[in-house]
Amino acid sequence: MNQKRAWWIFAGCCMIGLLFVGMICNTAGLYFQDMAKELDLPMTKVTLTMSFLNAGGLIGMAFAGRLLLKADVRVLASIAAAAAGGGLILAAFCPGIIGFYLLWLIIGICTPFLITITIPTVLGNWFPQNLGMVIGIVYGLSGIGGALFNTVMGQIIASVGWRRSMELEGILALVGMLPFTAIAFRTAPDTTQEAKKEDGEVLKGVTAKQARAMKSFYLYIVAGMALTIVSSLLQQVSPHIGSLGYDITVSSRVMSAVMLGCAAGNVLMGNLLDRFPTAFVIRLYALFGMAGWIGIAFAKQSMLLMVFGGSAGLAQAIFQTGLPFCYRKTFGSLEFSKISADLALPSSLLAIFSASLGGIIYDLTGSYQSVMVLLGVMFLIAEPCIVSAIRKGRTNE
């Protein structure tokens, strides 16, 4: 029964990766232009919804880890799934921008309860021997979803308008996520205190207080913040390609290469982490990241830009799959949700402000090239921090 439930839980996590990250989060930018036109607002006010999304993530992160230690994951994840899907449906009927701000704030609060904290916690408990593989597949599907839904939703917006498209996204999210979170989800195979005492594996690890006393904790924070800057500025690829004189077709192809690279990178990294030394895998992917972003900065030919875009996308797996895996191996499962939430808080705070960093750099330099170089440098910072954290930490699983 436990093995059968484990695979249902894995399927639910895959649906969340596909629909919440791949569809809801990755297609948000498709609506901005039509929203700004209909509401008669400058683009800056419309894109501010992403700052509210990130602010919501910060709020949710502040208490998600502690709640997941005490409350039923089915209840928390189901409320989050209902709020995210319902929030999109309500947003489709909002007459003004203030409503969008509030609803995207709520969707942001749902993020740690659906993906950031819940997925690594639940999968780590149900698949301790194949954690890298299952996390990699879930985040790989988020990249596939991003590539798929950007195309599909773009066509639907052009056909029926942005409001009906947003409403459809909300319905798909509810139908796709709620059955799994409400019925299948469990935190661990057996969460009773008696089982925990009999099975030492469940209790392996350090407490959040002990983790905060370790150097690895702070090295992971630095790495997470560096990689957050990369994730926040991914959308700057399109304007950079446009500034080289290419049209939207080439820009979308390069962005698709980034998203597909992200999908492939997560799946591949998950398998590599289960088979090879963690430090080796992190170094390999950091090289992909540095080469990819520096290549995008200086390449001129469209084919080269797509190749480097794929390389840059591969490296995103460090942030999505690599870091949760490393956290688990360093700190164990005892208070994993609480520790990972504490580690993510500084990055969540940075994400609120870093999204505008690309525009600031462009205003100062008149080019997006410096932004692309900066993203490559972030991997140069993150890689030694993660490798050092692995070596200084202790393995508990």
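So, here's what we can say about the structure.

Some words on helix α9 (residues 162-184)
The end-to-end C-alpha distance of α9, which contains 23 residues, comes to 33 Å, matching closely the 33 Å that a straight helix rising 1.5 Å per residue would cover. Taking the largest bend as the criterion, α9 deviates by roughly 35 degrees, centred on Met177, and proline Pro179 comes between one and four positions later. Within α9, the full set of buried residues consists of Trp162, Arg163, Ser165, Met166, Glu169, Gly170, Ala173, Gly176, Met177, Phe180, Thr181 and Ala184. As for α9, its buried residues are in contact with α1 (2-25), α2 (32-39), α5 (73-91), α6 (97-116) and α8 (131-160).

As for the side chain of Ser78
Structurally, Ser78 can be placed in helix α5. A polar contact is formed between the side chain of Ser78 and the side chain of Thr181, at a distance of 3.1 Å. Beyond its immediate sequence surroundings of up to four residues, Ser78 is in contact with Val73, Leu178, Thr181 and Ala182.

So, α6
Helix length check: α6 (20 residues) gives 27 Å between terminal C-alpha atoms against 28 Å at 1.5 Å per residue, within 8%. In the structure, α6 departs most strongly from a straight axis at Cys110, where the bend amounts to approximately 40 degrees and where the proline Pro112 lies between one and four residues downstream.

Structural notes on the pattern of salt bridges
Under the definition given, this model contains 6 salt bridges. In this structure, Arg212 engages Asp342 in a salt bridge whose closest nitrogen and oxygen atoms are separated by 2.9 Å. Of the two residues, Arg212 is situated in helix α11 (residues 208-212) and Asp342 in helix α18 (residues 336-354); the sequence distance between them amounts to 130 residues. Overall, Arg212 belongs to the partly exposed group, its relative accessible area being 34%. In this structure, the salt-bridge partner of Arg283 is Glu383, at a minimum N-O distance of 3.2 Å. With Arg283 in helix α15 (residues 278-298) and Glu383 in helix α20 (residues 369-392), this pair connects stretches of sequence that are 100 residues apart. Owing to a relative accessible area of 36%, Arg283 belongs among the partly exposed residues under this scheme.

Here we look at the environment of Val307
Checked against the element boundaries, Val307 lands in helix α16 (residues 302-315). On the basis of relative accessible area, Val307 is assigned to the exposed category, the value being 51%. Between the C-alpha atoms of Val307 and Val230, which are 77 residues apart in sequence, the distance is 18 Å.

Criteria and thresholds
Residues numbered from 1 in each chain as written. Predicted model: local features only at pLDDT ≥ 70, side-chain atom pairs only at ≥ 80, totals over all residues. Heavy atoms only, no water. Helix = DSSP H or I, 4+ residues; strand = E, 2+ residues; numbered from the N terminus. Expected span 1.5 Å × (residues − 1). Bend = angle between axes of the 7 residues up to and from the residue. Buried < 20%, exposed > 50% of the residue type's maximum accessible area, 1.4 Å probe, protein only. Contact = heavy atoms within 4.5 Å. Polar contact = N/O pair within 3.5 Å; in protein donor to acceptor, adjacent residues only side chain to side chain. Salt bridge = Lys/Arg side-chain N within 4 Å of Asp/Glu carboxyl O.

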